[in-house]
Amino acid sequence: QVQLVESGGGLVQAGGSLRLSCAASGSIVSIGVMGWYRQAPGKQRDLVAQTTSGGSTDYADSVKGRFTISRDNAKNTVYLQMNNLKPEDTAVYYCYVAGFRTISNPFGSWGQGTQVTVSS
């Protein structure tokens, strides 16, 4: 079983910054995609940013130029640096990690979610 532990959410004023972390632990042979999603009240869960094992990254248009995703493969950890935060960034942020427990046993796991609130 693979567990994800998120940290770093909180309350910040508009224009401020936060850094989210998500550490994966358990039986892991390799990790492919690591990403962050967010879900605001009454809305669907949407992709914010993701990174692959090859180093490519992808961002939602609404966060390009403000958010940066990075990963530490040695620690099985993914980060989301969020700068110039806006009230519309307020949501619960979830990390997602996909990989393999063994050569033929893939997994996809979600973090528990961390609240990010941006005040105007």
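Just so you know, these numbers come straight off a predicted model, no measurement behind them.

Definitions and limits used
- Residues numbered from 1 in each chain as written.
- Predicted model: local features only at pLDDT ≥ 70, side-chain atom pairs only at ≥ 80, totals over all residues.
- Heavy atoms only, no water.
- Salt bridge = Lys/Arg side-chain N within 4 Å of Asp/Glu carboxyl O.
- Helix = DSSP H or I, 4+ residues; strand = E, 2+ residues; numbered from the N terminus.
- Buried < 20%, exposed > 50% of the residue type's maximum accessible area, 1.4 Å probe, protein only.
- Pairing = 2+ DSSP bridges.
- Axes fitted to C-alpha atoms, helices over the stretch in contact; angles between N-to-C directions.
- Disulfide = S-S within 2.5 Å.

S.K.: Where do I start with the pattern of salt bridges in this structure?
M.R.: Once the charged atoms of two side chains with opposite charge are near each other, the side chains can pair. Summed over all chains, the structure comprises 3 salt bridges. Close ionic contact of R38 with D89 constitutes a salt bridge, the shortest N to O distance being 2.9 Å. Linking R38 in strand β4 (residues 30-39) with D89 in the loop between β8 (77-82) and β9 (91-102), this pair joins segments that are 51 residues apart in sequence. For D89, a relative accessible area of 1% translates into the label buried. With a shortest N-O distance of 3.1 Å, D61 and K64 are connected by a salt bridge. For D61, a relative accessible area of 65% gives the class exposed.

S.K.: Whenever I open this one, the sheet that holds strand β3 (residues 18-26) confuses me. Can you help?
M.R.: Through backbone hydrogen bonds, the strands of a sheet pair up, either in parallel or in antiparallel fashion. Pairing is antiparallel across the open sheet formed by 4 strands, whose spatial order is β1-β3-β8-β7. Each edge of the open sheet is held by one strand with a lone partner, namely β1 (2-7) and β7 (67-72). Here the average twist between neighbouring strands, direction ignored, is 15 degrees.

S.K.: Whenever I open this one, the state of the cysteines confuses me. Can you help?
M.R.: Scanning the model with the defined rule gives 1 disulfide in all. Here C22 engages in a disulfide with C95; their sulfurs sit 2.0 Å apart. Between C22 and C95 the sulfur-sulfur dihedral comes to about 45 degrees; the bridge is accordingly right-handed. Of the two residues, C22 is situated in strand β3 and C95 in strand β9; the sequence distance between them amounts to 73 residues. On the basis of relative accessibility, which here comes to 0%, the residue C95 falls in the buried class.

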